[in-house]
Amino acid sequence: MPQISQISEIFASQLFWLIVSFGLIYAVIGRGMLPKIEATVDQRDRRISDDLAAAERARAEADQREEAYRAQVEANRAEGLKVTQAAKQAAALETEQRVKAADAEIGARVGTAEAEIRRAAEAAFAELDAVAAEAAQEMVAKLAGTNVSREQAAAAVREELAHG
């Protein structure tokens, strides 16, 4: 094969051009492109770490705001509870006063009604005495055939009611 026999003649020149090509590639990539790539990677890492630090600060600030919010909510809840309790106590006191006033008014009305009932009962008993005396006078007249005076009939009715 003629290619194998030419290896010794062209080996040195191929080796030279291989070293030159690799050197050129190394110079272009290693000295030109690699620093730009490293700078981009470093910049990206720096941006990521800055973003992570900003996120951590934002999270800490959010935690502080949430804690302040919760404390404010608790303070508002406690204040609302105080206001509610005060309103309940005021309402209970007002209701108690109204009940006492209504009870006094009802007591006065009951007293007035009882007095009226007593007067009506006394009037009814007074009329009952008169009606009973008149009825007794009429019964004596019909049964015994004698006339009894109104005063005698009234005295007999009073005596009977007193005993019986």
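Computed from a predicted model, the values in this text were never measured in an experiment.

(A) Representation of the overall build of the protein in the model. Helix and strand counts for the protein come out as two helices and zero strands. Expected size for 164 residues packed as a compact globule is a radius of gyration near 15 Å; at 62 Å, the protein overshoots this value by more than 25%. Seen along its three principal axes, the alpha-carbon backbone of the protein occupies a region of about 190 × 40 × 20 Å. Here the protein, with 164 residues, has 2% of them falling under the buried criterion.

(B) Spotlight on the environment of Ala-132. Relative to the helices and strands, Ala-132 is located in helix α1 (residues 2–143). When the C-alpha atoms of Ala-132 and Leu-18 are compared, they prove to be 157 Å apart, with 114 residues separating the residues in sequence.

(C) Structural view of the pattern of salt bridges. For the structure on display, the rule yields 10 salt bridges. One salt bridge in this structure joins Arg-65 and Glu-61, with 2.9 Å as the shortest N-O distance. Taken as a pair, Arg-65 and Glu-61 lie in helix α1 at a separation of four residues, close to a single helical turn. For Arg-65, a relative accessible area of 58% gives the class exposed. According to the relative accessible area criterion, Glu-61 is partly exposed, its value standing at 39%. The shortest N-O distance in the salt bridge between Glu-94 and Arg-98 comes to 2.8 Å. Taken as a pair, Glu-94 and Arg-98 lie in helix α1 at a separation of four residues, close to a single helical turn. Of the residues examined, Arg-98 reaches a relative accessible area of 58% and is grouped as exposed. What you see here is one network of salt bridges that share partners, running through Glu-56, Arg-59 and Asp-63.

(D) Fine view of the environment of Lys-88. With respect to the helices and strands, Lys-88 occurs in helix α1. Spatially, the C-alpha atoms of Lys-88 and Ala-153 are 69 Å apart, while their sequence positions differ by 65 residues.

(E) Spotlight on the environment of Ala-162. Positionally, Ala-162 belongs in helix α2 (residues 150–163). Separated by 131 residues in the primary sequence, Ala-162 and Arg-31 have C-alpha atoms spaced 142 Å apart.

What counts, and at which threshold
Residues numbered from 1 in each chain as written. Predicted model: local features only at pLDDT ≥ 70, side-chain atom pairs only at ≥ 80, totals over all residues. Heavy atoms only, no water. Helix = DSSP H or I, 4+ residues; strand = E, 2+ residues; numbered from the N terminus. Rg over C-alpha atoms; globule rule 2.2 N^0.38 Å. Buried < 20%, exposed > 50% of the residue type's maximum accessible area, 1.4 Å probe, protein only. Salt bridge = Lys/Arg side-chain N within 4 Å of Asp/Glu carboxyl O.

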